[in-house]
Amino acid sequence: METLWFSIAAVMVALYVVMDGFDFGAGGLHLLVARTDRERRQVLAAIGPFWDGNEVWLLAAGGVLFLAFPAVLAAGLSGFYLAIFLVLWTLILRGIAIEFRSHVEDRLWRSFWDATFAVASTLAPVLFGAALGNLLRGVPLSAEGWFALPLFASFSPTGALGILDWYTVLVGVFALVAILHHGALYLAWRTDGAVRLRSLDAATRLFPATVALWLLASFATARIAPEIGRHLADRPLAWLATALFLSGLAGSWLARRAGRDLLAFLGSCSFVLGLLAATAAAVYPTMIRGTSAAASLTALNSAAGEHSLRVGLLWWPIGFVLAAVYYVVLFRLHRAKAQAAEEGEGY
């Protein structure tokens, strides 16, 4: 039962990254791919029907942890207290910027909110990536399962630990570049005209950077946490996930060159989803890795009671199916290329 809920939690997190990831990527790139006010409203129209619903997956992931692994949620919220507030500010500022920027027809007003949207959308993937880097590197968990970290200390993953060091920053930068590439392919699929062409150009430039940073982050992870590499080699599910993200990475490149925008975006989805699935398969059952392996919080030693897990399993499939149906309907309703709304209407 604990393994099943670990898998459900991993799925919720992966779906959040895939779905809200294209919002972050579009936001981080929109100052580059959209030069005029109308083009920027076209970018907002492309993500407008989806961005707030996409954030629900983050709440769903938190809900799964609250139900199934409350000790993990409690330790993570207290240990990453400052980082979580930074993430919340980026999410809040993104929402405010999207909603407020077209309320006043003033160039300075809109430029301010456009810049806010871009900065918040850029910082969020870095912060999420750095959080993943911390979980892979390990944190100083006490015997009671608690930890506290400053923002940075020695800037070394083997010295005095902080949330930021060269390894976690590397993972954060890789996450940012991968998400920007993901967002560029989404905009290429959902827009037309100059925005589409610039988005394709951005994806072309970001692809080699994504591959290079993925290789560099993988090499660094093998040095920092060598057991992850060993688990990748001896777990069949990790093989399947690795095949998924490698085929997705290659497929996004081939489809983009062939002008198949939707297939290129789906390839990027497979890359992100497969990479996170391979990571989850390799670290299982660890959920928060301690610098001392014996102190780690795992799916086996931090799960809720058996009765809670069984009752939760009765309700989770219903909510998941409803959410999936909602997204199918939403994408069908908005399957046409996004166009900027007329002044005073929409974003």
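Going by the structure above, here's the rest.
Scoring rules and cut-offs
Throughout this description, residue numbers start from 1 for each chain and increase along the sequence as written. In view of the model being predicted, local features appear only for residues whose pLDDT reaches at least 70, and side-chain atom pairs are presented and counted only at 80 or more, with totals across whole chains, interfaces and linings using the full set of residues. To get the side-chain values, take all heavy atoms of the structure and skip hydrogens and water. Put simply, DSSP H or I for four residues or longer makes a helix, DSSP E for two residues or longer makes a strand, and each gets a number counted from the N terminus. Between buried and exposed lies partly exposed: a residue is buried under 20% and exposed over 50% of the maximum accessible area for its type, with that area taken using a 1.4 Å probe on protein chains only. Counting rule applied: Lys, Arg positive; Asp, Glu negative; His and chain ends not counted. One speaks of a salt bridge when a side-chain nitrogen belonging to Lys or Arg is within 4 Å of a carboxyl oxygen belonging to Asp or Glu. What makes two residues a contact is simply this: any of their non-hydrogen atoms within 4.5 Å. A pair of Phe, Tyr and Trp rings is counted when the ring centres sit within 6.5 Å of each other, with Trp represented by its six-membered ring. The angle between the planes then sorts it: under 30 degrees is stacked, over 60 is edge-to-face, the rest tilted.

> In this structure, what is going on with the side chain of R190? I would like to understand it.
In this fold, R190 is placed in helix α8 (residues 166-190). It turns out R190 is buried and unbridged, and the closest side chain with the opposite charge, D23, is 9.2 Å from it. Among residues more than four places away in sequence, those in contact with R190 are A46, F50, H334, R335, A336, K337 and A338.

> I would appreciate a short explanation of the pattern of salt bridges in the present structure.
Side chains that differ in sign of charge can pair as their charged atoms come close. Inspection of the entire model under this criterion finds twelve salt bridges. Salt-bridge contacts for D37 lead to R110; the nearest nitrogen and oxygen are separated by 3.0 Å. Of the two residues, D37 sits in helix α2 (residues 37-47) while R110 sits in helix α7 (residues 107-137), which places them 73 residues apart along the sequence. For D37, a relative accessible area of 27% gives the class partly exposed.

> Just checking my understanding: could you explain the packing of aromatic side chains for this structure?
Centre distance and the angle of the planes are the two values used to describe a pair of aromatic rings. With the rule as written, the count across this model stands at 25 aromatic pairs. Ring geometry for F22 versus F50: centroids 6.4 Å apart, planes at 80°, classification edge-to-face. Taken together, the residues span a long stretch of sequence, with F22 in helix α1 (residues 2-33) and F50 in the loop between α2 and α3 (51-54) at a distance of 28 residues. Look at F50 and you get buried, because its relative accessible area is 0%. Considering the side-chain rings of F100 and W113, the 5.7 Å spacing of their centres and the 85° angle between planes classify their relative orientation as edge-to-face.

> Before we go on, may I ask you to explain the environment of G248 in this structure?
With respect to the helices, strands and loops of the structure, G248 is situated in helix α11 (residues 236-257). The class of G248 is buried, set by a relative accessible area of 4%. The sequence separation of G248 and S270 amounts to 22 residues, and the corresponding C-alpha distance is 4.8 Å. Setting aside its immediate chain neighbours within four residues, G248 contacts G267, S268, S270 and F271.

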